[in-house]
Amino acid sequence: MSAITREEVAHLARLSRLELSEAELDHFAEQLDAIVGAVARVSELPTEDVPPTSHALPMTNVFRQDVVRPAGTPILDRAEVLAQAPAAEDDRFRVPRILGED
Amino acid sequence: MTDLTKRTAAETAAAIANGEVSAVEVAEAHLDRIAKVDDRINAFLHVDAEGALAAARAVDAKRAAGEKLGPLAGVPLALKDLFTTRGIPTTCGSKILEGWLPPYDATVTRRLREADVVILGKSNMDEFAMGSSTENSAYGPTRNPWDLDRIPGGSGGGSAAALASFQAPLAIGTDTGGSIRQPGAVTGTVGVKPTYGGVSRYGMVAFSSSLDQGGPCARTVLDAALLHEAIAGYDMLDSTSIDAPVPAVVEAAKLGATQGIKGLRVGVVKQFAGEGYQAGVVQRFQESVELLRALGAEIVEIDCPSFDFALPAYYLIAPSECSSNLARFDAMRYGLRVGDDGAHSAEEVTALTREAGFGAEVKRRIMLGTYALSSGYYDAYYGQAQKVRTLIIRDFEAAFTQVDVLVSPTTPTTAFKIGERADDPMAMYLADLCTIPTNLAGNAGMSLPCGLAPEDGLPVGLQILAPAMADDRLYRVGAALEAALLEQWGRPILDLAPAL
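Residues numbered from 1 in each chain as written. Chains lettered and ligands numbered in written order. Predicted model: local features only at pLDDT ≥ 70, side-chain atom pairs only at ≥ 80, totals over all residues. Heavy atoms only, no water.

(A) Here's a closer look at the overall build of chain A. A tally of helices and strands in chain A yields three helices and two strands. Its C-alpha atoms give chain A a radius of gyration of 23 Å, clearly above 13 Å, the size a compact globule of 102 residues would have. Viewed in the frame of its principal axes, chain A has a C-alpha envelope of about 60 × 45 × 30 Å. Counting only residues that meet the buried cut, chain A has 29% of its 102 residues in that class. Considering only residue pairs separated by 6 or more positions, chain A has 28% of its internal contacts joining residues 24 or more positions apart. In the form shown here, chain A has an accessible surface area of approximately 7200 Å², with 53% of it arising from carbon and sulfur atoms. In chain A, which carries 10 positive and 19 negative side-chain charges, the distance between the mean positions of the two groups comes to 8 Å. (Helix = DSSP H or I, 4+ residues; strand = E, 2+ residues; numbered from the N terminus. Rg over C-alpha atoms; globule rule 2.2 N^0.38 Å. Buried < 20%, exposed > 50% of the residue type's maximum accessible area, 1.4 Å probe, protein only. Contact = heavy atoms within 4.5 Å. Areas by Shrake-Rupley, 256 points an atom, 1.4 Å probe, with all protein chains shown as cover. Lys, Arg positive; Asp, Glu negative; His and termini not counted. Charge placed at Lys NZ, Arg CZ, Asp CG, Glu CD.)

(B) Structural view of the pattern of salt bridges. Inspection of the entire model under this criterion finds 27 salt bridges over all chains. Residues Arg-201 of chain B and Asp-238 of chain B are paired through a salt bridge, measuring 3.7 Å at the closest nitrogen-oxygen approach. With a gap of 37 residues between them, Arg-201 of chain B in the loop between β5 (190–193) and β6 (214–218) and Asp-238 of chain B in the loop between α7 (221–231) and α8 (249–259) connect regions that are remote in the sequence. The pair Arg-201 of chain B / Asp-238 of chain B is uniform in exposure class, with both members buried. It is possible to trace a salt-bridge network through shared partners that takes in Glu-89 and Arg-94 of chain A together with Arg-337 and Asp-340 of chain B. (Salt bridge = Lys/Arg side-chain N within 4 Å of Asp/Glu carboxyl O.)

(C) Expanded view of the nonpolar core. If you look at the biggest cluster of nonpolar residues, it comprises 138 residues, and the most contacted ones within it are Leu-112, Phe-128 and Tyr-475 of chain B. Residues Leu-4, Val-26, Phe-44 and Ala-162 of chain B belong to the second largest nonpolar core, which totals 30 residues. (Core = buried A, V, L, I, M, F, W, Y, C linked by side-chain atoms within 4.5 Å.)

(D) Representation of the UniProt feature "active site" (unreviewed entry) in chain B. Residues and elements named next belong to chain B. The sites that UniProt annotates as "active site" (unreviewed entry) are Lys-80, Ser-155 and Ser-179. Over a stretch of 100 residues, the named residues converge on one spot in the fold, their C-alpha atoms separated by at most 10.9 Å. On the secondary structure map, Lys-80 appears in strand β2 (residues 76–80). Since its relative accessible area comes to 0%, Lys-80 is described here as buried. Take Ser-155: its relative accessible area is 0%, and that puts it in the buried class. (UniProt positions renumbered as here; feature names shortened; annotations may be inferred.)

(E) Structural detail: the side chain of Ser-133 of chain B. Residue and element names in this part refer to chain B. Within the element layout of this structure, Ser-133 appears in the loop between β3 (118–123) and α5 (157–164). Within polar-contact distance, the side chain of Ser-133 engages the side chain of Glu-135 at 2.7 Å. In this structure Ser-133 touches Asp-126, Ile-151, Pro-152, Gly-153, Gly-154, Phe-416 and Met-428, once residues within four positions along its chain are discounted. (Polar contact = N/O pair within 3.5 Å; in protein donor to acceptor, adjacent residues only side chain to side chain.)

(F) Geometry of the environment of Val-289 of chain B. Residue and element names in this part refer to chain B. Examined against the element boundaries, Val-289 turns out to sit in helix α9 (residues 279–294). Of the residues examined, Val-289 reaches a relative accessible area of 7% and is grouped as buried. In this structure the C-alpha to C-alpha distance between Val-289 and Ser-408, which are 119 residues apart in sequence, comes to 9.1 Å. If sequence neighbours within four positions are ignored, Val-289 has contacts with Val-268, Ile-299 and Val-407.

(G) Here's a closer look at the interface of chain A and chain B. The interface of chain A with chain B comprises 58 residues on the first partner and 72 residues on the second. Of the roughly 5500 Å² buried between chain A and chain B on both sides combined, carbon and sulfur atoms contribute 67%. Among the residues chain A hides against chain B, the three largest losses belong to Arg-17, Val-42 and Gln-84 of chain A. Together they make up 12% of the total. Our count for the chain A to chain B interface comes out at four salt bridges. (Buried area = accessible area lost by both parts, 1.4 Å probe.)

(H) Here's a closer look at the packing of aromatic side chains. Residue and element names in this part refer to chain B. Under the defined criterion, the tally for this structure stands at 15 aromatic pairs over all chains. Taking the centre distance of 4.8 Å and the plane angle of 50° together, the rings of Phe-307 and Phe-396 count as tilted. Here Phe-396 lies in helix α13 (residues 379–402) and Phe-307 lies in the loop between β8 (298–302) and α10 (310–325), a separation of 89 residues in the sequence. Between Phe-329 and Phe-358, the ring centres sit 6.2 Å apart and the planes meet at 85°, which makes this aromatic pair edge-to-face. Placement of the pair is Phe-329 in the loop between α10 and α11 (346–357) and Phe-358 in the loop between α11 and α12 (360–373), with a sequence separation of 29 residues. (Phe/Tyr/Trp six-rings, centres within 6.5 Å; stacked < 30°, edge-to-face > 60°.)

(I) Representation of unusual backbone geometry within the structure. All names here are of chain B. A cis amide bond links Gly-154 with the next residue in sequence, Ser-155, at an omega value of 5°. Note that Ser-155 resides in the loop between β3 and α5. Notably, Asn-42 is not glycine yet its phi reads approximately 60°, a positive angle. With respect to the element layout, Asn-42 can be found in the loop between α2 (23–41) and β1 (44–47). Residue Asn-42 is classed as partly exposed on the basis of its relative accessible area of 21%. Unusually for a residue other than glycine, Phe-166 sits at a positive phi of about 60°.

(J) A nonpolar patch on the surface, seen in detail. All names here are of chain A. A cluster of nonpolar side chains, namely Phe-93, Val-95, Ile-98 and Leu-99, defines an oily patch on the protein surface of about 400 Å² accessible area. Mapping Ile-98 onto the fold places it in the segment after β2 (92–93). The exposure class of Ile-98 is exposed, given its relative accessible area of 63%. (Patch = residues over 30% accessible without salt bridge, like charges linked within 9 Å, V, L, I, M, F, W, Y side chains within 5 Å.)

(K) Geometry of the pairing of β2 of chain B. Within β2 of chain B, five of the five residues are buried, leaving the element largely enclosed by the surrounding structure. Taking every second residue as pointing to the same face, both faces of β2 of chain B are buried, with Pro-76, Ala-78 and Lys-80 of chain B on one and Leu-77 and Leu-79 of chain B on the other.

(L) Just α12 of chain B, in detail. In this model, α12 of chain B (14 residues) spans 20 Å end to end at C-alpha, consistent with the 20 Å of a helix rising 1.5 Å per residue. Counting buried residues along α12 of chain B, twelve of its 14 residues qualify, which places the element largely inside the surrounding structure. Taken together, the buried positions of α12 of chain B are Glu-361, Val-362, Lys-363, Arg-364, Arg-365, Ile-366, Met-367, Leu-368, Gly-369, Thr-370, Tyr-371 and Ala-372 of chain B. In the core, the buried residues of α12 of chain B are packed alongside α1 (6–15) and α2 (22–39) of chain A together with α10, α11, α13 and α14 (425–429) of chain B. (Expected span 1.5 Å × (residues − 1).)

(M) The packing of α10 of chain B against α13 of chain B, seen in detail. Residues and elements named next belong to chain B. Their axes nearest at 9 Å, the elements α10 and α13 cross at an angle of 125°. By the angle between their axes, α10 is oblique relative to α13. Remark: the crossing between α10 and α13 carries left-handed chirality. Residues Ala-310, Ala-313, Leu-316, Ile-317, Ser-320 and Glu-321 of α10 pack against Tyr-381, Tyr-382, Ala-385, Gln-386, Val-388, Arg-389 and Ile-392 of α13. (Axes fitted to C-alpha atoms, helices over the stretch in contact; angles between N-to-C directions. Parallel < 35°, antiparallel > 145°, perpendicular 65-115°, else oblique. Left-handed = near helix turned anticlockwise from the far one by under 90°.)

Listed below in structure tokens is the structure:
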């Protein structure tokens, strides 16, 4: 049985923001189908009363004081950050059109 | 004069501290070695000769001024290109970050600088640490110094190959499913995945946040311990960092080498054997287990039935986390941007950029994770994998009530040929069969060389696993085994690698 169709890969690619080529859609459909078929083995273990683990350590949030940190602690330099942007303008990231134009 | 590149990190640090050589001489010797051999190995994506020499000069100046030097001062190192380095290219092996100069140092980078370690450059890796062969690097594969037609493991193949080809005595790797230990095994070097939370992930570009762990790579167990202590410890910038003292790994390595492991209980994992395991790997592993017994260890077979499901659970959990983490590569704030011509919306630019900037394995995993997390499939895939993760943790807990450490082969086979598994993801994933359970459980693991497989003459790795925050046990057992093997062999295993 084929679990993942070409159409499903196209949908996943849209969700994943990947503009896949036609050739990639074919190739990935075949490979993802094989991988999903293999990883589906996890359902073979009885896990009725088993709680899920998202993280091996107990997770607690870490807070810091809301104060200006001294030099040497990580504070990013604005000019240095913007110099790495694909485009910047007036001390801001310059991005392509987000909303429809009208 | 002896070849400075052949020395261990401990020897080099001692020689610099006592004035036998300068840190600049050591750095130059390694930069010369890189210039001589790395066109064949491709271990480095970026060599920072200027930065390395400046760091070395600073060490020499400190010594001249009578300042006390740290235990790794002046020792050269290859830093996996997954760690940010301020002003120095950090690509993660991906086209999407080509040319990016990070505006900050990772905590590991900062600690290395503070320890006066000389960072030679950034080492090659599978793109975003996804792979077991370093073939997924956008900048060409790294080659195994033992046989240039073979893979050096992955994702940290560059770090392991740099060690095995004497381009650096120390390296940093990251281990999400085996990316430190598996390259260590197939190159005849030592690699340690510390307890999850033991080494800060701040500035280590995230692949699978609940599994990723940075750690030391070296040619000897003691060197790995020295590097481990230099980078480990609590960091408030990583919310998963463990706020507890670092296990005394250097002391453990010294004790293991001098006082052995008499009375230690060692468990052999029953699940890591059988079909798919190369005969020579099994042979060298079993000989090492007998050696541990001869050293006074008590050997017990341990059953961990859920380990058989670790690989499928991993290939649901890691891609799920990856699909979320890699959403940050949106072409807006840093990295590549494609299609920004006024005709495309921001969303289209993001999709065009990710299509152009990511390689096949990264795309596969993003889509696999997106699938596993999507409504209708979540419970059957991601949810079920998380339950399997609980069972794996329980198997480890039960095992560690019976034994102090577990051992297994690190990998089912020795290094395979470049290209052999490149387009067969499931075959590639099998390389991490024995290393993955530890990542899922968050405990500690080491791989160290235990011989050459008779049929192909390639290195075999032995894996040691210890409970969380008992990383010192890895070093105790590893150093004891290393010393016993060295006595048998009469020389370090890398002396047997072909000359480059």
